[in-house]
Amino acid sequence: MADPEKALDTMEVTDNEVEEVEDVEIDEQSNVAKLTPEMLAAIQGKLGSMVGTPSGYIASLPKPVKRRLKALKKLQLECTRLEAQFYEEVHLLECKYAKLHQPIYEKRSQITSGAYEPNDDECVWQSDDDKDDEELAEGVQNQVKIEEASTTDENVSGVPEFWLTIFKNVDMLAEMLQEHDEVILKHLKDIKVKFSECDPMGFLLEFHFEANDYFTNTVLTKEYEMKCTPDEDDPFSFEGTEIVKCKGCTIDWKKGKNVTVKMIKKKQKHKSRGSVRTITKTVQNDSFFNFFSPPTIPDDEEADLDEDTQAILAADFEIGHFIRERIVPRAVLYFTGEALEDDEYDDEEGEEEEDENEEDDEEENSNVSKKGQDCKQQ
């Protein structure tokens, strides 16, 4: 075992590493250096301030080692380029299977709209409600009075308000909805996704509406452009395909039916005469349909966007991706709420991971102080 006194003699402490150091008390009988709570707090604070900052270790490496690191980075760049190719092929596969899904989605649309009535074989599905009915039939049903809701209509067509219900069930979309939007979204018949393989890579969301009193469009579109190329200036930041642009469409509102704007009256007083006049001004109104009028992104990639615009676009990209990736493929499960339960489990897993990371950080901090004490006791 190394001599603790010699170990202490060889320890070098610079002014840059510790701002203030108190005298270390040595117990002559046990040869143990005692660190006071104040000293431990100072050391932990110093270590905490160093997190995320360069340690100087790389800069201090010999030139041959630095040279080899450059070779390793060059290999890493090759990996990044292969990763980009992988994501490009994944997108092509997605395009291929999107076409295979189309007949299924078309039949779903026919059922929800009432254009097609599924036969008995197509309706065979063991649901939780069926299980409950079977359990009641086994012994309890004769003791329980089951009443049908007065609003039940056996002659109802399709699945009423299918997409509106989905929007109201999903928090991300529900936050965008206003009361005046719901009346319009009752006329939403279907949402379709069309993929673009390249030039540019991306996807198109189509919102299909039946005839309504608000606008003349039968289809509203939202187009997203994606990129799958590492940035030349920062290639190692590449994490896969990302949305970089989006473009909405013009909604042909009927007279007086545009829910994205509102009229406000403002009084103005003349400075010299003192007379007052009332002017009417048109301002933007909160509405889901603002989704089809996103901020314009300049063609110049180096152009700076203000923080508000960046936040709006980030939220827009997330919503577009969620509709494409989750809502359209699993629409019925978001209607029934089953997909919402899966999303809640995903959120809980994320929270657990965060908690574990926090616990690990606390454990590391406690280990730092323990190691300081152990060094003195060896």
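Nothing here was measured: the structure is a model prediction, and the numbers come from that model.

## Observations concerning the overall build of the protein chain
Point 1. Per the secondary structure count, the protein chain includes 10 helices and eight strands.
Point 2. In the protein chain, which comprises 378 residues, the proportion classed as buried is 23%.

## A closer look at unusual backbone geometry
Point 1. Backbone geometry at glutamate 161 places phi at a positive 55 degrees, although glycine is not the residue there.
Point 2. Examined against the element boundaries, glutamate 161 turns out to sit in the loop between helix H4 (128-140) and helix H5 (162-169).

## Let's talk about the nonpolar core
Point 1. Core analysis: the largest hydrophobic core is formed by 49 residues, its most contacted members being Phe207, Phe288, Phe289 and Ile323.
Point 2. If one sorts the elements of this core by residue count, helix H8 (residues 307-327) sits on top with six residues.
Point 3. Ignoring sequence-local partners within four residues, the contact set of phenylalanine 207 consists of Phe167, Leu188, Asp190, Ile191, Thr218, Val219, Leu220, Phe288, Phe291, Phe292 and Ile323.

## Concerning the sheet that holds strand S5 (residues 219-227)
Point 1. Read from one edge to the other, the open sheet built from four strands follows the order S3-S4-S5-S6, with strand pairing classed as antiparallel. The open sheet is flanked by strand S3 (188-196) and strand S6 (242-247), the only strands paired with a single partner. Adjacent strand axes in the sheet meet at a mean angle of 20 degrees, parallel and antiparallel pairs treated alike.
Point 2. Where S5 meets S6, five bridges bridge the pair, whose relative direction is antiparallel. Bridge pairing in S6 links tyrosine 224 to cysteine 246.

## Remarks on the packing of aromatic side chains
Point 1. Counted according to the given criterion, the structure contains 21 aromatic pairs.
Point 2. Ring plane angle 75 degrees and centroid distance 5.5 Å describe the contact between phenylalanine 291 and phenylalanine 292, whose orientation is recorded as edge-to-face.
Point 3. For phenylalanine 291, a relative accessible area of 4% corresponds to the buried category.
Point 4. A connected cluster of aromatic rings, assembled from ring pairs, spans Phe167, Phe207, Phe209, Phe215, Trp253, Phe288, Phe289, Phe291 and Phe292.
Point 5. Sitting above the plane of the phenylalanine 291 ring, lysine 222 keeps its charged end 3.5 Å from the centroid.
Point 6. One residue, arginine 324, lies across the ring of phenylalanine 203, its end atom 4.9 Å from the ring centre.

## Examining the pattern of salt bridges
Point 1. Counted according to the given criterion, the structure contains 10 salt bridges.
Point 2. Note that glutamate 161 is salt-bridged to lysine 186, the shortest N-O span being 3.8 Å. Here lysine 186 lies in the loop between helix H7 (179-185) and S3 and glutamate 161 lies in the loop between H4 and H5, a separation of 25 residues in the sequence.
Point 3. A relative accessible area of 37% means that glutamate 161 is categorised as partly exposed.

## Quick notes on the pairing of strand S8 (residues 276-284)
Point 1. Bridge count between strand S7 (residues 261-269) and S8: nine bridges; the pairing is antiparallel. Following the sheet pairing, valine 261 is matched in S8 by glutamine 284.

## Some words on the side chain of asparagine 285
Point 1. Within the secondary structure, asparagine 285 is located in the loop between S8 and H8.
Point 2. A relative accessible area of 16% means that asparagine 285 is categorised as buried.
Point 3. Asparagine 285 has contacts with His180, Val259, Thr260, Val261, Lys262 and Asn290, leaving out every residue within four places of it along the chain.

## Topic: helix H3 (residues 63-113)
Point 1. When the terminal C-alpha atoms of H3 are compared, their 71 Å separation across 51 residues agrees well with the 75 Å that a helix rising 1.5 Å per residue should span.
Point 2. Where H3 bends most, at histidine 101, the angle is about 35 degrees, and the proline proline 103 comes one to four residues later.
Point 3. Phi turns positive one or two residues past the end of H3, at glycine 114, with a value near 90 degrees.

## Side note on the pairing of S5
Point 1. Across the two faces of S5 the burial differs, with Leu220, Lys222, Tyr224 and Met226 buried and Val219, Thr221, Glu223, Glu225 and Lys227 not buried at all.
Point 2. Pairing analysis gives seven bridges linking strand S4 (residues 202-209) to S5, with the strands arranged antiparallel. Pairing of glycine 202 across the sheet is with glutamate 225, part of S5.

## Some details on a nonpolar patch on the surface
Point 1. A grouping of Tyr57, Ile58, Leu69, Leu72 and Leu75 is seen on the molecular surface, where their side chains present a nonpolar patch of about 500 Å² in accessible area.
Point 2. Structurally, the position occupied by tyrosine 57 is in the loop between helix H2 (37-50) and H3.

## Describing the confidence of the model for the protein chain
Point 1. A residue-level look at the protein chain finds 70% of positions with pLDDT of 70 or above and a mean pLDDT of 79.
Point 2. Confidence over residues 4-32 falls short of pLDDT 50; this stretch has 28 contacts with residues more than four positions distant or in other chains.
Point 3. Taken as a whole, residues 139-150 scores under 50 in pLDDT and shows five contacts with residues more than four places along the chain or in a different chain.

## Brief notes about the environment of threonine 250
Point 1. Relative to the helices and strands, threonine 250 resides in the loop between S6 and S7.
Point 2. Given a relative accessible area of 63%, threonine 250 falls into the exposed group.
Point 3. For the pair threonine 250 and leucine 220, spaced 30 residues apart in the sequence, the C-alpha separation amounts to 8.0 Å.

## Some words on the environment of glutamine 268
Point 1. Along the chain, glutamine 268 falls in strand S7.
Point 2. Look at glutamine 268 and you get partly exposed, because its relative accessible area is 33%.
Point 3. With 10 residues separating them along the chain, glutamine 268 and threonine 278 place their C-alpha atoms 6.2 Å apart.

Cut-offs applied
In this numbering scheme, every chain counts its residues from 1 along its sequence in written order. The model is predicted, so local features are restricted to residues of pLDDT at least 70 and side-chain atom pairs to those at 80 or more, both for listing and for counting; the totals for chains, interfaces and linings are taken over all residues. Note: side-chain values were computed over all heavy atoms of the structure, leaving out hydrogens and water. Only DSSP runs of H or I reaching four residues or more are called helices, and only runs of E reaching two or more are called strands; each is numbered from the N terminus. Exposure categories follow from relative accessible area, calculated using a 1.4 Å probe and restricted to protein chains: below 20% of the type maximum is buried, above 50% is exposed, and the middle band is partly exposed. Residues enter a nonpolar core if they are buried and are Ala, Val, Leu, Ile, Met, Phe, Trp, Tyr or Cys, with the set joined through side-chain atoms within 4.5 Å. In what follows, residue pairs with any heavy atoms lying within 4.5 Å of each other are defined as contacts. At least two DSSP bridges between two strands are needed for those strands to be called paired. In this description, a line fitted to the C-alpha atoms serves as the axis of each element, helices being fitted only across the stretch in contact, and the angle between N-to-C directions of two axes falls anywhere from 0 to 180 degrees. Here is the rule: rings of Phe, Tyr and Trp (six-membered ring for Trp) pair when centre to centre is within 6.5 Å. Planes less than 30 degrees apart are stacked, more than 60 are edge-to-face, and the remainder are tilted. For a ring to carry a charge above it, either NZ of a lysine or CZ of an arginine must fall within 6 Å of the ring centroid while also lying within 35 degrees of the normal to the ring plane. Salt bridge, as used here: a side-chain nitrogen of Lys or Arg that lies within 4 Å of a carboxyl oxygen of Asp or Glu. To estimate how far a helix should reach, multiply one less than its number of residues by 1.5 Å. What is called the bend at a residue is the angle between a pair of axes, fitted to the seven residues leading up to and ending at it and to the seven starting from it. Each patch is built from residues lacking any salt bridge and having more than 30% relative accessible area; the joining distance is 9 Å for like charges and 5 Å for nonpolar side chains (Val, Leu, Ile, Met, Phe, Trp, Tyr). Where accessible areas are quoted, they stem from the Shrake-Rupley method and a 1.4 Å probe; at the residue level, only the protein chains shown are allowed to cover. pLDDT expresses how confident the predictor is about each individual residue, on a scale running from 0 to 100.

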